[in-house]
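Letter by letter, the chains look like this.
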Amino acid sequence: MRFASRAPVRVDEENPYWISFSDLMSALLVIFILAAIALIIELTQRSQDIDAGIKELKKAQQVRQNILNEIKEELAKQNIEVIIADNETVIRIPEKTLTFDSGKDSIPGEMIGPVKKIGAALHAAIMKNDRFAYLDTVFIEGHTDSHKITAGKYRQKGNWGLSADRAITVWKLWSEALELEPNLNTLLNHSNQKLFSVSGYAATRRVQLEELTAEQLAKNRRIDIRFTVKKPSIEDLEKIKPSARTSVQ
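Undergrad: Break down the nonpolar core for me, citing the residues and quoting the values.
TA: Formed by 40 residues in total, the largest nonpolar core has its most connected members in Ile126, Trp174, Phe196 and Phe227. Examining the composition of this core, we find that seven residues originate from one element, helix H3 (residues 109–127), more than from any other.

Right under this line is the structure:
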């Protein structure tokens, strides 16, 4: 008896979908690789953006530090004392250089000359190499002692009004009495807004907490010059957020 030999069945014939499944997996692998490459490129760009932002902020802080140091050094040559304070963000004018009579906003006559020289040194330092472009605002801050005003023109406005007017007095001297080019009043920051501003803090930021003597009171009737630098905007931070989320995941 003869048996007919049965031809071997090919695996591909028994699994007609095997080739298409294999191709599908290959395609998915390619897509995955491309997506991974795209993600790596995006994260690299985000990282570079963050590094650039940090570098720019550090540069602005260094520029501010240079400005303050140069102002202090220049004035020291003229025997005018100022103090660098608040983590190297403020030029403080001590009472021996400028103080105000109690309840008054006018600069004592003998102190007008030194205050003018402070304004000139400030102008020279921020104009050097266009350093002002790294600044956001220069605040002229007025301060008072804690004694309550009960008479005179500041009876109603109190120490808040007095401190603000002291800052305004200094600002007017610098912007109107000094022949500087360009005038401080014309300088703009990175947002095309006025670079200089004034503010008053009354007795809320005293440097001398104990006020038992006339000398202690005089220390608080002062002017500070605060320099703030340009920082990342909300839009810049929003750009960074997606990469930060991805890194966490």
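Undergrad: Run through the confidence of the model for the protein chain, naming residues and quoting values.
TA: Scored by pLDDT, the protein chain comes out at a mean of 85, with 79% of its residues at no less than 70. For the stretch residues 243–249, pLDDT sits under 50, and the model shows five contacts to residues farther than four places along the chain or on other chains.

Undergrad: Hey, could you go over the sheet that holds strand E2 (residues 90–93) for me, with residue numbers and the actual values?
TA: One open sheet holds the five strands; their spatial order is E1-E2-E5-E3-E4, and the pairing between them is mixed. Edge positions in the open sheet fall to strand E1 (83–85) and strand E4 (196–200), since each of these has one partner strand only. Each neighbouring strand pair of the sheet contributes to a mean axis angle of 25°, computed without reference to strand direction. Sheet topology places strand E3 (residues 135–142) next to E4; five bridges connect them, and they run parallel. Within E4, the position partnered with Gly142 by the bridge is Gly200. In this fold H3 packs onto E2, E3, E4 and strand E5 (223–229), with an angle of close to 10° to the strand it touches most, E5. In the packing of helix H4 (residues 158–177) onto the sheet, contacts are made with E3, E4 and E5, and the angle to E4 comes to roughly 155°.

Undergrad: Could you give an account of a nonpolar patch on the surface, naming the residues involved and the relevant values?
TA: Together, Leu29, Val30, Phe32, Ile33, Leu34, Ile37 and Ile41 make up a nonpolar patch on the protein surface, roughly 710 Å² of accessible area in all. Positionally, Ile41 belongs in helix H2 (residues 18–77). Take Ile41: its relative accessible area is 56%, and that puts it in the exposed class.

Undergrad: Would you mind going over the pattern of salt bridges in detail, with residue names and values included?
TA: With the rule as written, the count across this model stands at twelve salt bridges. Notably, a salt bridge pairs Arg92 with Asp224, separated by 3.0 Å at the nearest N-O pair. Linking Arg92 in strand E2 with Asp224 in strand E5, this pair joins segments that are 132 residues apart in sequence. Look at Asp224 and you get buried, because its relative accessible area is 1%. With a closest N to O distance of 2.7 Å, Arg226 and Glu141 form a salt bridge. Here Arg226 is found in strand E5, whereas its partner Glu141 is found in strand E3, with 85 residues between them in sequence. Across this residue pair, the class does not change: Arg226 and Glu141 are buried. One network of salt bridges, with partners in common, ties together Asp86, Arg92, Glu141, Arg222, Asp224 and Arg226.

Undergrad: Which residues make up the environment of Leu122, and what values do they have?
TA: Along the polypeptide, Leu122 turns up in helix H3. Overall, Leu122 belongs to the buried group, its relative accessible area being 1%. C-alpha of Leu122 to C-alpha of Ile225: the two residues are 103 residues apart in sequence and 9.7 Å apart in space. Those residues in contact with Leu122 that lie beyond four places of it in its chain are Ile71, Trp174, Phe196 and Phe227.

Undergrad: A description of the side chain of Thr97 should follow, citing residues and the corresponding values.
TA: Inspection of the secondary structure puts Thr97 in the loop between E2 and H3. Thr97 gets classed as buried once you look at its relative accessible area, which sits at 5%. Residues in contact with Thr97, not counting those within four places in the same chain, are Ile80, Glu81, Met111, Pro114 and Ile118.

Here is what the cut-offs are and how they apply
- Residues numbered from 1 in each chain as written.
- Predicted model: local features only at pLDDT ≥ 70, side-chain atom pairs only at ≥ 80, totals over all residues.
- Heavy atoms only, no water.
- Core = buried A, V, L, I, M, F, W, Y, C linked by side-chain atoms within 4.5 Å.
- Buried < 20%, exposed > 50% of the residue type's maximum accessible area, 1.4 Å probe, protein only.
- Helix = DSSP H or I, 4+ residues; strand = E, 2+ residues; numbered from the N terminus.
- pLDDT = per-residue confidence, 0-100.
- Contact = heavy atoms within 4.5 Å.
- Pairing = 2+ DSSP bridges.
- Axes fitted to C-alpha atoms, helices over the stretch in contact; angles between N-to-C directions.
- Patch = residues over 30% accessible without salt bridge, like charges linked within 9 Å, V, L, I, M, F, W, Y side chains within 5 Å.
- Areas by Shrake-Rupley, 256 points an atom, 1.4 Å probe, with all protein chains shown as cover.
- Salt bridge = Lys/Arg side-chain N within 4 Å of Asp/Glu carboxyl O.

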